[in-house]
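A structural walkthrough
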Amino acid sequence: MHRFAKPSVFLKLTAPILPWLAGATAILIAAGLYFALFASPIDYQQGDTVRIMYLHVPSAWMGLFCYVGMAICGAMSLIWKHPLADICARATAPIGATFTALCLITGSLWGEPMWGTWWVWDARLTSMLILLFLYLGYIALVNAFDDPDRGSKAGSALALVGAVNVPIVKFSVDWWNTLHQPASIVRMDGPAVDPSMQLPLALMILGFTGYYFVVLILRVRLELNERRIRALHLSGMFDDNAQDAEPYDPGHNAETSQ
Amino acid sequence: MNGFTAILRRDLQLAMRQGADSVMVVAFFIVTTTLFPFGVGPEANILARIASGVIWVSALLAAMLSLERVFQTDYEDGTLELLTLSPVSLEVVVLGKVVAHWLTTGLPLIVAAPLMAVMLNMDTDGFVVLMIAMLLGTPALSLIGAIGAALILGARRGGVLVSLLVLPLYIPILIFGAGAVEAALLGMSATAQLQIMGAILLLALAATPFATAHALRQAME
Amino acid sequence: MAVFSGSDLTCLRGERLVFGKLSFAANPGDAIMLRGRNGAGKSSLLRLMAGLLIPRSGQITWNNEPIHSDRIAHHARLQYLGHQDAIKPVLSVRDNLHLWGQLRGVDDIDREIDTALHALDIHHLSRTAGRYLSSGQKRRTALARILIGHADLWLLDEPTVGLDRESSNELAHLIADFRAKGGIVIYSTHIDLAVKEPVLLDIDEFAIPMIEWLKDHDAPADDGMRSDPKRAAQ
């Protein structure tokens, strides 16, 4: 029943929010970048390298945030069987995967001047790598079915299983790391973050989160409209020979004016 | 309970008649393990150092090899549909099939593991712990793997997909399984690792049948 | 109130609307024959009735209890025959049937299997492995399965596929016997099956053009937007 009805509520509600959210995100990221690249002090040990942190930490945050979001969507899909939850989970995965990859890349770039090597089996980096694998598994599963609905539902179940597993993986990787590597390595987060670093960090985290919601809304809208087109195709209204097909008032679909 | 034994007996019967599956899993395990000396060289010290990890990784891959077929044939010939419609709860059916999978693949691996440990020059101190760790770890592999096997029903390229889904979930078992053996080899107590593995097994036993049954119902829709 | 009934059923497969606003009712001894063109949703309806699918809207009840409130009880009372015969090639006919008897908690499984095999005239095959059966023999083995254990409801999806005229008549007899004992039979077929006075359910009549359904279900959400003069002016 709510299959098409609720999604149209979503389309209606998000339309006015989107431009504001996009604007706020742009301002937050611009301000964050300014403070991060120009208006923050350099680290007395790391020099300018420390500025990588302003991308690295928010990316790590987003990687986790998106996975939690996917799991929540998965749970909602399981409990209320709401199709929008599946679509949201599906739309979140590539964003989360990209941020996780960004976190790994920046971590590697940061590691090179710090440790003299591009990759260290540091507990945090390793956990993020496994998180990336979980994302990739989800994306592969969701796209492996001819029926997109079946893919989304299977994906939601997997996201939940993964979410239960993430803390166990984190715990085991930490344990493995302390066993195999004595704590001589400089920790990623270094000493307590200086207050002058907190502002750009907070701006970037907020900006990234805003960016996530903008992209999420865009992707969900795209998916909903794609579904609608598929449904209309299946209804046969595009059949050239159909004489009795009633014209369908596109109604709120005419949101190209946005 | 009746349903559980019925499914278990039937799957074991099928495994006996079709044969090959258990033998192939063990053969795969042995061949994979023997690849490592070719890769890292036959030096006894190095092999002894990596033995526990190699055995666990190979066991993981071997257990996964057979996962795809846990539900696939039943799905294709319509049996799964009827199992879903039988007056036995699907969770019990799942448990029966998982136990059958473990008996036909996990158990033979445990038997083959000490043999490979000898070939990799592992110290005999680690043997008992290796067996116990595998006894705790392999059922968890089957339980967790069953979720993946159920999720991929009807998907394209199911076999590769199931590895991608399941392997990241296997990492904790690998860490503690190999860790337990290493602790034993260093003359330390492996109790903590084994206890954690036991906890993982219990958690998997309690939670995964529900997840798998849910995934199966989805596949039937 | 009928024993087994469904009301206002809408079935959606993927994005495809299969049928809508379909209702049916059956009492002990009734037979319902499903008719409809390919893709009309005969199989989907039978799967809805079995509880494999959940209807998008509407409800199916047995004695006024929704079938999803007690899945196990519903499964215990129904026998379902799908498109596939679910026969393991390496097991004998008897071993193939054995599992289903066990899952239904049948006490004297071997005797029931014997009776079922005799009824379908395949008792001579009881020790034959599934892989040596012809498709007609497989279908008869699958039909033997639904005779094992107690049931109140048969859901048969194209039961006559692969059967010759003789076996079809045997099937018609089995259906008559089952109805005489108070069973409900719901089946789909595209050939004539000599079932006495079945109720016809033509699913084509319930096909709703997707377009109408979309309109119906989009409407409430759009109300606010359509009445908004600013948007209308855009």
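Rules used throughout
Residues numbered from 1 in each chain as written. Chains lettered and ligands numbered in written order. Predicted model: local features only at pLDDT ≥ 70, side-chain atom pairs only at ≥ 80, totals over all residues. Contact = placed C-beta atoms within 7 Å. Helix = DSSP H or I, 4+ residues; strand = E, 2+ residues; numbered from the N terminus. Nonpolar A, V, L, I, M, F, W, Y, C, P; charged D, E, K, R; others polar. Axes fitted to C-alpha atoms, helices over the stretch in contact; angles between N-to-C directions. Parallel < 35°, antiparallel > 145°, perpendicular 65-115°, else oblique. Pairing = 2+ DSSP bridges. pLDDT = per-residue confidence, 0-100. Core = buried A, V, L, I, M, F, W, Y, C linked by C-beta atoms within 7 Å. Buried ≥ 20, exposed ≤ 12 C-beta atoms within 10 Å, placed from the backbone. Left-handed = near helix turned anticlockwise from the far one by under 90°.

Contact residues are listed per partner, giving 22 residues for chain A and 20 residues for chain B. Per element, the largest residue contribution to the side of chain A that touches chain B is 13 residues, and it comes from helix α5 (residues 148–180) of chain A. For the side of chain A that touches chain B, the residue count by class is 17 nonpolar, three polar and two charged.

Okay, the packing of helix α6 (residues 90–119) of chain B against helix α9 (residues 191–220) of chain B next. Residue and element names in this part refer to chain B. It is at 9 Å that the axes of α6 and α9 come closest, and there the two elements cross at 110 degrees. In terms of orientation, α6 lies roughly perpendicular with respect to α9. Of the residues in α9, those touching α6 at L90, E91, V94 and L95 are P209, F210, T212, A213, L216 and R217.

Right, let's talk about the sheet that holds strand β1 (residues 4–13) of chain C for a bit. Residue and element names in this part refer to chain C. A sheet is described by the order of its strands in space; here four strands give the open sequence β2-β1-β4-β5, paired in antiparallel fashion. In the strand order of this sheet, the two ends are held by β2 (16–26) and β5 (65–66), each with one partner. Relative to strand β4 (residues 57–62), β1 is paired through five bridges, and the arrangement is antiparallel. Its bridge partner being in β4, T10 is matched across the sheet by S57. The strands that helix α1 (residues 42–50) touches are β1, β2 and β4; relative to β1, the one it contacts most, it runs at about 125 degrees.

Moving on, we come to the pairing of β1 of chain C. Where β1 of chain C meets β2 of chain C, seven bridges bridge the pair, whose relative direction is antiparallel. Within the sheet, the bridge partner assigned to R13 of chain C lies in β2 of chain C and is R16 of chain C.

This part takes up the confidence of the model for chain C. Keep in mind that low pLDDT regions are not for reading the predicted coordinates in detail. For chain C, mean pLDDT is 83; residues scoring 70 or higher make up 88% of the total. Low pLDDT, under 50, characterises residues 219–234 of chain C; the predicted model gives this stretch 13 contacts beyond four residues in sequence or across chains.

Once that is clear, we can look at the nonpolar core. Ranked by size, the top nonpolar core spans 205 residues in total, and within it A59, A150, L151 and A180 of chain B together with L155 and I186 of chain C carry the most contacts. If sequence neighbours within four positions are ignored, A150 of chain B has contacts with F71, T212, A215, L216 and A219 of chain B.

So, about the interface of chain B and chain C. At the junction of the two partners, chain B supplies 21 residues and chain C supplies 20 residues. Listing elements by their share of the side of chain B that touches chain C, those giving two or more residues are α1 (2–18) and α5 (79–84) of chain B. For the side of chain B that touches chain C, the leading source of residues is α1 of chain B, giving eight residues. Split by residue class, the side of chain B that touches chain C holds seven nonpolar, nine polar and five charged.

Residue and element names in this part refer to chain C. In this structure, N63 takes a positive phi of about 50 degrees despite not being glycine. Checked against the element boundaries, N63 lands in the loop between β4 and β5. Residue N63 is classed as exposed on the basis of its 9 C-beta neighbours within 10 Å. Notably, E158 is not glycine yet its phi reads approximately 50 degrees, a positive angle. Relative to the elements of secondary structure, E158 occurs in the loop between β7 (153–157) and α6 (165–180). Residue class for E158 comes out buried when judged on the 20 C-beta atoms lying within 10 Å of it.

For the rest of this paragraph, the subject is the sheet that holds strand β8 (residues 184–188) of chain C. Residues and elements named next belong to chain C. Strands sit in the order β6-β7-β8-β3-β9 across an open sheet of five strands; the sheet is parallel. Every other strand in the sheet has two partners, leaving β6 (78–81) and β9 (199–202) as the edge strands with one partner each. Direction aside, neighbouring strands of the sheet carry axes that sit 15 degrees apart on average. Note that strand β3 (residues 31–35) and β8 share four bridges and pair parallel. By the bridge assignment, M33 is partnered in β8 with Y187. Across the sheet, α1 touches β3, β6, β7 and β8, and the angle it forms with β7 is around 155 degrees.

A few words on the packing of helix α2 (residues 21–40) of chain B against helix α3 (residues 44–65) of chain B. All names here are of chain B. For the pair α2 and α3, interaxial distance at closest approach is 9 Å and the crossing angle is 145 degrees. Between α2 and α3 lies a crossing of right-handed hand. Residues V25, F28, F29, T32, T33, F36, P37 and V40 of α2 lie in contact with α3, whose contacting residues are I46, L47, I50, V54, I55, S58, A59, L61, A62 and L65. The class makeup of the residues in the contact of α2 with α3 is 15 nonpolar, three polar and no charged.

Quick look at the environment of V185 of chain C now. All names here are of chain C. With respect to the secondary-structure elements, V185 resides in strand β8. In this structure the C-alpha to C-alpha distance between V185 and I146, which are 39 residues apart in sequence, comes to 12 Å. Contacts of V185, omitting those with residues within four sequence positions, involve A31, W154, L156, I175, F178 and R179.

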